[in-house]
Amino acid sequence: MTWTPHATVAVIVEDEQGRFLLVEEMSHGEVVYNQPAGHVEEGERIIDAALRETLEETGWKVEPEHFLGVYTYKAPANGVTYYRFCFSARALSRVTRELDDGIIAAHWLTPDEIREQSDRLRSPLVMQCIEDYRNGRRFPLDVIVEPQT
């Protein structure tokens, strides 16, 4: 058996009221909360994956501002190792569109409201990324070197 890690992206979006954009989604038959997130598709730039996933899962167009880091998580449900490239972004505009399959709704939640859902977060990385962002963790976007398109 070949070990195959999964490359994913996640996006932290905070509004003027200090609320964070999360998605309510189905995962393994349970309703969970997550940042807009998903897999990087073959040939896709990482930053483009972050923008695409945010739009597909929330209906929000965003502008990436910073890179927060690469987070590693081995999911106990399936044993898969995920490498999560996490970004912060600014919300630009809401687009009327159908959301991805499995997405129930997009929500703007305060950190306290998110903590209240701690047993329903998709992974511990959801809160860790928010806390890292709130604690000022920021790197320039150009720390990720990719071919320009």
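Use the structure listed above.
Let me begin by describing the structure that accompanies this report. Keep in mind it's a predicted model, so treat the numbers as computed, not measured. (Residues numbered from 1 in each chain as written. Predicted model: local features only at pLDDT ≥ 70, side-chain atom pairs only at ≥ 80, totals over all residues. Heavy atoms only, no water.)

**What about the side chain of Thr 54?**
No. 1: Structurally, Thr 54 is set in helix α1 (residues 46-58).
No. 2: Residue classification places Thr 54 among the buried residues on the basis of a relative accessible area of 0%. (Helix = DSSP H or I, 4+ residues; strand = E, 2+ residues; numbered from the N terminus. Buried < 20%, exposed > 50% of the residue type's maximum accessible area, 1.4 Å probe, protein only.)

**A closer look at the sheet that holds strand β6 (residues 81-94)**
No. 1: Pairing is mixed across the open sheet formed by 4 strands, whose spatial order is β4-β1-β6-β5. Only two strands of the sheet have a single neighbouring strand rather than two, namely β4 (37-39) and β5 (60-74). Neighbour to neighbour, the strand axes of the sheet diverge by 25° on average, direction disregarded.
No. 2: Sheet topology note: the strand β1 (residues 6-13)/β6 ladder contains 8 bridges and is parallel. (Pairing = 2+ DSSP bridges. Axes fitted to C-alpha atoms, helices over the stretch in contact; angles between N-to-C directions.)

**Considerations on the nonpolar core**
No. 1: By size, the foremost hydrophobic cluster in this structure holds 18 residues, and its most contacted members are Ile 12, Cys 86 and Ile 114.
No. 2: Put simply, the parts of the chain that give this core at least two residues each are β1, β2 (20-27), β5 and α3 (125-134).
No. 3: Here the element with the most residues in this core is α3; it accounts for 6 residues.
No. 4: Leaving out residues up to four positions away in the same chain, Ile 12 has contacts with Phe 20, Gln 35, Leu 68, Cys 86, Phe 87, Ser 88, Ala 89, Cys 129, Ile 130 and Tyr 133. (Core = buried A, V, L, I, M, F, W, Y, C linked by side-chain atoms within 4.5 Å. Contact = heavy atoms within 4.5 Å.)

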